[in-house]
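Observations on the three-dimensional arrangement
One letter stands for each residue in the lines below.
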Amino acid sequence: MKPGIVSWNPLAKLAVWTGWLPTPLITGYWGMMSSRALIAAVELGVFELLAEKPRTASDLALELQTDPIGTEALLNALNGFGYLRRRAGIYRNGLAVRRWLTPGGIVPLDGAFGLYRVLWDELDDLEGRLRTTTARDFHADRTPEFWARYQTGLAQFARLASPEIARKVPVDGKPLRLLDIGGGHAMYSARFCKQYPGLYARVIDLPGAVEIGRGLVAREGLGDRIEFAEADLETADWGDGYDIVLLFNVVHIFSPEQCVELFSKARAALRPGGTFAVLDSAHRGGTGDVDAAGGSNELLFWTINNTRAYPEKDIADWMSAAGFSSVRAKHLLTVPQAALTSGRA
């Protein structure tokens, strides 16, 4: 997948195709403005209010206690990008917003924009970080507000992708024990528990992440089947005899050498024939073109942790080296920017 410019004007289409339209200037500006406008709209509650009923800009400004002119400017930006509709000065949510950013949608993902706000701040000094290569720990010394934004955003992505993932992870029979490493929000564990009624899960993550996960699990009604351990996943005792071990959105935090050690630790935690599943950024590797998902995630992971988005082949090779068989990578329809790799102990 690659973002681009779509025009109904034949001359503009020709200019894009021949390279005569300055697309870097257009996509750079529009991408920045659309992202920031969406973050602001979600954080202010614009879409939530419009889900109740259409409103004018002045009505919204009064309810949100925001500047009337600025509010109208925000609404017009969202209208221009197709997220809102405007008729006779009255704004209503567009189809994409109704489906994905309001209660009652397919899978409301508005909480993801709290995560985006965190990442926006991280990317603010990208140039400086590129000039000073220093080790970074994205998760260290964080506030409760950070953990709430971060884990809630990750949890909403998990709710979107977890039904497909639970179907695609190969599991024999009726699994009883699952270990979720670094899965603080526990929404992947929750989906597996729902799919396998006799399954119990253990989640190991940092205290700030676990605190959010406990609340999310309680709301899912699974507090009696999912337990949490507050620990550093590298030094924690993972235990053994598990039917499934999940390592989701974790490998990009570590160096290749550390990943090999984690994969060996996962192998030791599984019973013979158990399943190990790794979810991380889709990245084709090699020396040719990469797509937007692989390239942007590679830049993000380097910015926040001084690490990389690893090619899918590398992850599969590390899994094989750790003693796993039947190693296979799959791509997801629900989250095209992610790849799921699994193997058997």
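Structure report, in brief. (Residues numbered from 1 in each chain as written. Predicted model: local features only at pLDDT ≥ 70, side-chain atom pairs only at ≥ 80, totals over all residues. Heavy atoms only, no water.)

1. Looking at the packing of aromatic side chains
- Scanning the model with the defined rule gives 12 aromatic pairs in all.
- With a centroid separation of 5.1 Å and an interplanar angle of 70°, the aromatic rings of Y310 and W318 are classed as edge-to-face.
- Every member of this aromatic cluster is reached through a ring pair, and the members are F263, F276, Y310, W318 and F324.
- For R142, the ring lying beneath its charged end belongs to F146, and the centroid distance is 4.2 Å.
- R225 extends its terminal NZ or CZ atom over the ring of Y200, reaching a point 5.9 Å from the ring centre. (Phe/Tyr/Trp six-rings, centres within 6.5 Å; stacked < 30°, edge-to-face > 60°. Lys NZ or Arg CZ within 6 Å of the ring centre and 35° of its normal.)

2. Examining the environment of S255
- Of note, S255 is situated in the loop between β7 (242-248) and α12 (256-269).
- Distance from S255 to N306, taken between C-alpha atoms, is 9.3 Å for residues 51 residues apart in sequence. (Helix = DSSP H or I, 4+ residues; strand = E, 2+ residues; numbered from the N terminus.)

3. Concerning the packing of helix α9 (residues 144-168) against helix α10 (residues 187-195)
- As a packed pair, α9 and α10 sit with axes 8 Å apart at the nearest point and diverge in direction by 35°. Of the two possible hands of crossing, α9 and α10 adopt the one that is right-handed. Residues A155, A158, R159, S162, P163, I165, A166 and R167 of α9 lie in contact with α10, whose contacting residues are M187, Y188, R191, F192 and Q195.
- Tallied by class, the residues present in the contact of α9 with α10 amount to 8 nonpolar, 2 polar and 3 charged. (Axes fitted to C-alpha atoms, helices over the stretch in contact; angles between N-to-C directions. Left-handed = near helix turned anticlockwise from the far one by under 90°. Contact = heavy atoms within 4.5 Å. Nonpolar A, V, L, I, M, F, W, Y, C, P; charged D, E, K, R; others polar.)

4. Let's talk about the sheet that holds strand β1 (residues 55-56)
- The strand order β1-β3-β2 describes an open sheet built from 3 strands, whose pairing is antiparallel. Unpaired on one side and paired on the other, β1 and β2 (84-87) mark the two borders of the sheet.
- For β1 and strand β3 (residues 90-93), the ladder comprises 2 bridges, and the chain directions are antiparallel. Among the inter-strand pairings, T56 is bridged to a residue of β3, identified as I90.
- Those strands touched by helix α5 (residues 68-80) are β2 and β3, and its axis lies near 110° from that of β2. (Pairing = 2+ DSSP bridges.)

5. Here we look at the side chain of T303
- For T303, the position within the fold is in helix α13 (residues 292-305).
- On the basis of relative accessibility, which here comes to 0%, the residue T303 falls in the buried class.
- Excluding its chain neighbours within four sequence positions, the residues that come into contact with T303 are E122, L123, L126, R129 and R136. (Buried < 20%, exposed > 50% of the residue type's maximum accessible area, 1.4 Å probe, protein only.)

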